[in-house]
Amino acid sequence: MTGALLSVYQSTRIQRICRELDLWCFNPLWHTDQENYMERLIDSGFHAIITGVFSAPFDATWLGRTIDRKALVELKQFSRKFGITLTGEVASTKLSF
């Protein structure tokens, strides 16, 4: 089972490994609404922390930051402005900055 929502890269890598091991791969979150998913995580009490930043618009100030309502508001702004996903997955290799 994977947690991939939109990342074809993540999903296909795990599916390939499962196929090689003759295992069935299940992607229950595939194409789940990202905003709803993130809000449900926060409302359910999950404590998600940013452990790495690898591209703009994120910088070192995001390291160690908890995904809470304030962070989600900023992520939504980044999503609109830069075309990134709310969940940190890369859905497209073409971003417009």
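Heads up: the structure comes first, above all this text.
Below: a short report on this structure. All residue numbers refer to positions counted from 1 along the written sequence of the respective chain. It should be noted that, the model being predicted, local features are given only for residues of pLDDT at least 70 and side-chain atom pairs only at 80 or more, the latter also being counted only at that level, while totals for whole chains, interfaces and linings use all residues. No hydrogens and no water enter the side-chain calculation; it runs on all heavy atoms of the structure.

## A word on the overall build of the protein chain
Working step 1: Across its full length, the protein chain carries 3 helices and 0 strands.
Working step 2: Counting from the amino terminus, helix and strand elements in the protein chain follow one another as α-α-α.
Working step 3: Oriented by its inertia axes, the alpha-carbon framework of the protein chain measures out at about 40 × 35 × 25 Å.
Working step 4: Exposed residues in this analysis have more than 50% of their type's maximum accessible area, buried residues have under 20%, and partly exposed residues fall in between, with area computed by a 1.4 Å probe over protein chains only. Residue burial in the protein chain is summarised as follows: out of 97 residues, 28% are buried.
Working step 5: What makes two residues a contact is simply this: any of their non-hydrogen atoms within 4.5 Å. Of all intrachain contacts in the protein chain linking residues separated by at least 6 positions in sequence, the fraction that spans at least 24 positions is 50%.
Working step 6: When the accessible surface of the protein chain is split by element, carbon and sulfur atoms take 56% of a total near 6900 Å².
Working step 7: Taken together, the 11 basic and 10 acidic charged side chains of the protein chain have centroids lying 5 Å from each other. The helix and strand labels rest on DSSP assignments: H or I over at least four residues marks a helix, E over at least two residues marks a strand, and numbering proceeds from the N terminus. Accessible surface area values rest on a Shrake-Rupley calculation with a 1.4 Å probe, where residue burial reflects the displayed protein chains alone. When charges are counted, Lys and Arg are positive and Asp and Glu negative, with His and the chain ends excluded. Working definition for charges: the position is that of NZ of Lys, CZ of Arg, CG of Asp or CD of Glu.

## Here's the deal with the pattern of salt bridges
Working step 1: Whenever a carboxyl oxygen of Asp or Glu lies within 4 Å of a side-chain nitrogen of Lys or Arg, that contact is scored as a salt bridge. Applying the stated rule across the entire model yields 4 salt bridges.
Working step 2: With a shortest N-O distance of 3.5 Å, Glu 39 and Lys 76 are connected by a salt bridge. Of this pair, Glu 39 sits in helix α2 (residues 34-43) while Lys 76 sits in helix α3 (residues 69-82), and the two are 37 residues apart along the sequence.
Working step 3: Residue Asp 43 is joined to Arg 69 by a salt bridge in which the shortest nitrogen-to-oxygen separation is 2.3 Å. Taken together, the residues Asp 43 in helix α2 and Arg 69 in helix α3 connect sequence positions 26 residues apart.
Working step 4: Asp 43 sits in the exposed class, given a relative accessible area of 57%.
Working step 5: Residue classification places Arg 69 among the partly exposed residues on the basis of a relative accessible area of 39%.

## A word on helix α1 (residues 8-20)
Note on helix geometry: an α-helix contains 3.6 residues per turn, so any two residues three or four positions apart are oriented the same way.
Working step 1: Expected helix span is taken as 1.5 Å per residue step, with the number of steps being one fewer than the number of residues. For α1, spanning 13 residues, the distance from its first C-alpha to its last is 18 Å, which sits close to the expected 18 Å at 1.5 Å a residue.
Working step 2: Residue Asp 22 follows α1 closely and has a positive phi angle near 60°.

## Examining the nonpolar core
If you look at soluble globular proteins, the nonpolar side chains tend to sit buried side by side.
Working step 1: Counting residues in each nonpolar core, the largest one holds 14 residues, and the members touching the most others are Met 38, Trp 62, Ile 67, Leu 75 and Phe 78.
Working step 2: Mapped onto this core, the elements with two or more residues apiece are α2 and α3.
Working step 3: Non-local contacts of Trp 62, meaning those with residues more than four positions away in its chain, are made with Ile 50, Val 53, Ala 71, Glu 74, Leu 75 and Phe 78. Each nonpolar core is a collection of buried residues, namely Ala, Val, Leu, Ile, Met, Phe, Trp, Tyr and Cys, held together in the definition by side-chain atoms within 4.5 Å.

## A look at the environment of Phe 26
Working step 1: Structurally, Phe 26 is set in the loop between α1 and α2.
Working step 2: Along the sequence, Phe 26 and Ala 4 sit 22 residues apart, while their C-alpha atoms lie 9.9 Å from each other.
Working step 3: Setting aside residues no more than four positions away along its own chain, Phe 26 makes contact with Met 1 and Thr 2.

## Here's the deal with unusual backbone geometry
Working step 1: The omega torsion across Ala 56 and Pro 57 is 10°, close enough to zero to call that bond cis.
Working step 2: With respect to the helices and strands, the residue Pro 57 is situated in the loop between α2 and α3.
Working step 3: Here Asp 22, not a glycine, exhibits a phi torsion of approximately 60°, which is positive.

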